[in-house]
Amino acid sequence: MAGKKILLLSVSAGHGHVRAAEGLAEGTALWFPGHEARHIDLMTLVPGFFNRAYKGSYLKLIASHPRIWGYLYERADKYKSDSRLGDLRRALESACNKSLLPILKEYGPDHVICTHFMPIQFLLRWKGKGRLDVPIWSCITDFVAHRFWLEPGLAGHFTAGEENVWRMRARGLENERIFATGIPVLPAFIPPSDKDGRTKARLAARERFGLGADTPVILLMGGGEGLGNMLELARSLLSLPCDFRLVVLAGQNRELLADLEKKRSTFPGRLFPMGFSDEVPALLAACDLVVSKPGGLTTVECLAMGKPMLVYSPIPGQEEQNADMLLENGAAMKAPDGFGLVWRVRKLLETPALLKRLAENAAALGKPYAARDILAEVLGEAPVEG
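Every value quoted in this text rests on a predicted model; they were computed, and no experiment measured them.

Quick word on the pattern of salt bridges
Turning to step 1, where the next piece is worked out: Counted under the stated rule, the structure contains 13 salt bridges.
Turning to step 2, where the next piece is worked out: Between Arg167 and Glu163 there is a salt bridge; the shortest N-O distance is 3.3 Å. On the criterion of helical spacing, the pair formed by Arg167 and Glu163 is a turn pair, its members being 4 residues apart in helix H6 (residues 162-170).
Turning to step 3, where the next piece is worked out: Relative accessible area serves as the criterion here: at 29%, Arg167 is assigned to the partly exposed category.
Turning to step 4, where the next piece is worked out: A salt bridge links Lys293 to Glu319; the shortest N-O distance between them is 3.4 Å. Taken together, the residues Lys293 in the loop between strand S10 (289-292) and helix H11 (296-304) and Glu319 in helix H12 (residues 318-328) connect sequence positions 26 residues apart. The exposure classification of Lys293 matches that of Glu319, with both residues buried.
Turning to step 5, where the next piece is worked out: The network of salt bridges with common partners includes Arg202, Arg206 and Asp288.

Points about helix H15 (residues 370-379)
Turning to step 1, where the next piece is worked out: Residues Ala370, Ala371, Ile374, Leu375, Val378 and Leu379 constitute the buried set of H15. For H15, the angular spread of the buried residues around the axis is 150°, confining them to a single face.
Turning to step 2, where the next piece is worked out: Residues of H15 that are buried make contact with strand S1 (5-10), helix H1 (16-31), strand S3 (111-114), strand S4 (136-139) and strand S5 (156-158).
Turning to step 3, where the next piece is worked out: Within two residues after H15, Gly380 carries a phi angle of roughly 70°, on the positive side.

Section: the packing of helix H8 (residues 230-238) against helix H13 (residues 338-350)
Each pair of packed helices can be described by the angle between their axes along with the distance between the axes.
Turning to step 1, where the next piece is worked out: Axis separation between H8 and H13 bottoms out at 10 Å; the angle between their running directions is 40°. Between H8 and H13, the angle is such that the two are oblique. For the element pair H8 and H13, the recorded crossing hand is right-handed. The segment H8 lies against H13, with Leu233, Ser236 and Leu237 engaging Gly338, Leu341, Val342 and Val345.
Turning to step 2, where the next piece is worked out: The class makeup of the residues in the contact of H8 with H13 is 5 nonpolar, 2 polar and no charged.

Regarding the side chain of Lys293
Turning to step 1, where the next piece is worked out: Of the residues examined, Lys293 reaches a relative accessible area of 11% and is grouped as buried.
Turning to step 2, where the next piece is worked out: Reaching out from Lys293, the side chain makes a polar contact with the backbone oxygen of Ser313 at a distance of 2.5 Å.

Section: the packing of H1 against H15
Turning to step 1, where the next piece is worked out: H15 packs onto H1 with a crossing angle of 75° between their chain directions and a minimal axis gap of 9 Å. Considered as vectors, H1 and H15 are oriented roughly perpendicular to each other. Where H1 approaches H15, its residues Gly23, Leu24, Gly27, Thr28 and Trp31 are matched on the opposing element by Ala371, Arg372, Ile374 and Leu375.
Turning to step 2, where the next piece is worked out: Per-class residue counts for the contact of H1 with H15 are 5 nonpolar, 3 polar and 1 charged.

Examining the sheet that holds strand S7 (residues 217-221)
Turning to step 1, where the next piece is worked out: Spatially, S9-S8-S7-S10-S11-S12 is the arrangement adopted by the 6 strands of the open sheet, whose pairing is parallel. Looking at which strands have only one partner, the edges of the open sheet turn out to be strand S9 (271-274) and strand S12 (332-335). Averaged over all pairs of adjacent strands, the angle between strand axes in this sheet comes to 20°, irrespective of strand direction.
Turning to step 2, where the next piece is worked out: By the bridge criterion, 5 bridges tie S7 to strand S8 (residues 245-249) in an arrangement that is parallel.

Remarks on unusual backbone geometry
Turning to step 1, where the next piece is worked out: Even without glycine at this site, Ser313 takes up a positive phi of about 45°.
Turning to step 2, where the next piece is worked out: Position of Ser313 among the secondary structure elements: in the loop between strand S11 (309-312) and H12.

Focus: the packing of aromatic side chains
Turning to step 1, where the next piece is worked out: Tallied over the entire structure, the rule returns 6 aromatic pairs.
Turning to step 2, where the next piece is worked out: Ring centres of Phe122 and Trp126 lie 5.0 Å apart, and the angle between their planes is 50°; this geometry places the pair in the tilted category. Of this pair, Phe122 and Trp126 both sit in helix H5 (residues 118-128), 4 residues apart, which is roughly one turn of that helix. Exposure class is identical for Phe122 and Trp126. Each is buried.
Turning to step 3, where the next piece is worked out: An aromatic cluster is built from Phe117, Phe148 and Trp149, whose rings are joined through pairwise contacts.
Turning to step 4, where the next piece is worked out: Over the face of the ring belonging to Tyr107 we find Arg38, whose NZ or CZ atom lies 5.7 Å from the ring centre.
Turning to step 5, where the next piece is worked out: When the ring centre of Phe244 is taken as reference, the NZ or CZ atom of Arg270 above it lies at 5.1 Å.

Conventions and cut-offs
Residues numbered from 1 in each chain as written. Predicted model: local features only at pLDDT ≥ 70, side-chain atom pairs only at ≥ 80, totals over all residues. Heavy atoms only, no water. Salt bridge = Lys/Arg side-chain N within 4 Å of Asp/Glu carboxyl O. Helix = DSSP H or I, 4+ residues; strand = E, 2+ residues; numbered from the N terminus. Buried < 20%, exposed > 50% of the residue type's maximum accessible area, 1.4 Å probe, protein only. Arc of directions from axis to C-beta. Contact = heavy atoms within 4.5 Å. Axes fitted to C-alpha atoms, helices over the stretch in contact; angles between N-to-C directions. Parallel < 35°, antiparallel > 145°, perpendicular 65-115°, else oblique. Left-handed = near helix turned anticlockwise from the far one by under 90°. Nonpolar A, V, L, I, M, F, W, Y, C, P; charged D, E, K, R; others polar. Polar contact = N/O pair within 3.5 Å; in protein donor to acceptor, adjacent residues only side chain to side chain. Pairing = 2+ DSSP bridges. Phe/Tyr/Trp six-rings, centres within 6.5 Å; stacked < 30°, edge-to-face > 60°. Lys NZ or Arg CZ within 6 Å of the ring centre and 35° of its normal.

And the structure:
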């Protein structure tokens, strides 16, 4: 029997939607080797000015005016009409008419999975006009589904958990197929199933990065763009009278990385700055605590590996909802500001039992095999062992 083709569509407004699609692509190769998956970030198909305007305005808004973003996010979740979003969708559809439709015809996918809500409406419209004749699925990348995702007529919806299934049905998707699979992560974020295996992975990662075998390790992240006052946070954390190593991921923020490198000599053997990295799975294996904004994919990657979080500066809207979920399930603490963050880090380092309890709750909440379970539903077959 010929293998099936899956087309994965993401939009790189932030990195989470892309990472979810990559997790599904790698999961196809690992668990369903008779089939193939192709991932396309729609931002690579649109004119450069659209890409810069869309991504630039989004990042500038959440960095400089997060409360305005929160207001717009909440308003768009409550009210149907949103001319600005409609304009963006129409512009994206117009660009994809020329670029994506030829790819769809040439590739001939058996299924399309969207890890961003933007293409869903126009894909359904194309299907209604007979320009597309394949099942379309949505894969929601935050812990609460915004109204943007609530489109009827899809082959199915994949979401974080049972509460979201109930919430989506309560908001009007009564007859839809909604699955509480979790949010997909790359297979690299699946930890060894046994305690000895996890210990070996932790020690190997620590040796690889020169972090030492026994000293606590804290991983400080600010998302792919290195958002937040991470330089000041790092300086404040390293002023604590506690023995630990601090790894700081600056993402694509080159200025931040340069400033952190200058500070490395002030804290020899304690501060480990890094830029955008593909080594996050190994760094998570090495660390004891993650200090981060609670982005959807960052959160599920930490949960998959059983890593407790200390969350700070959540973006109003989706990240605040993610933070609430972590706190409710005892998998994280939340800092109201930089002072509170430093205080909580010290408390966790001085209270190992509390840190352990947060880690256990995180592991219980994690769904590292979400990508496998999503693909099994889409393809209608069991995965191979792996």
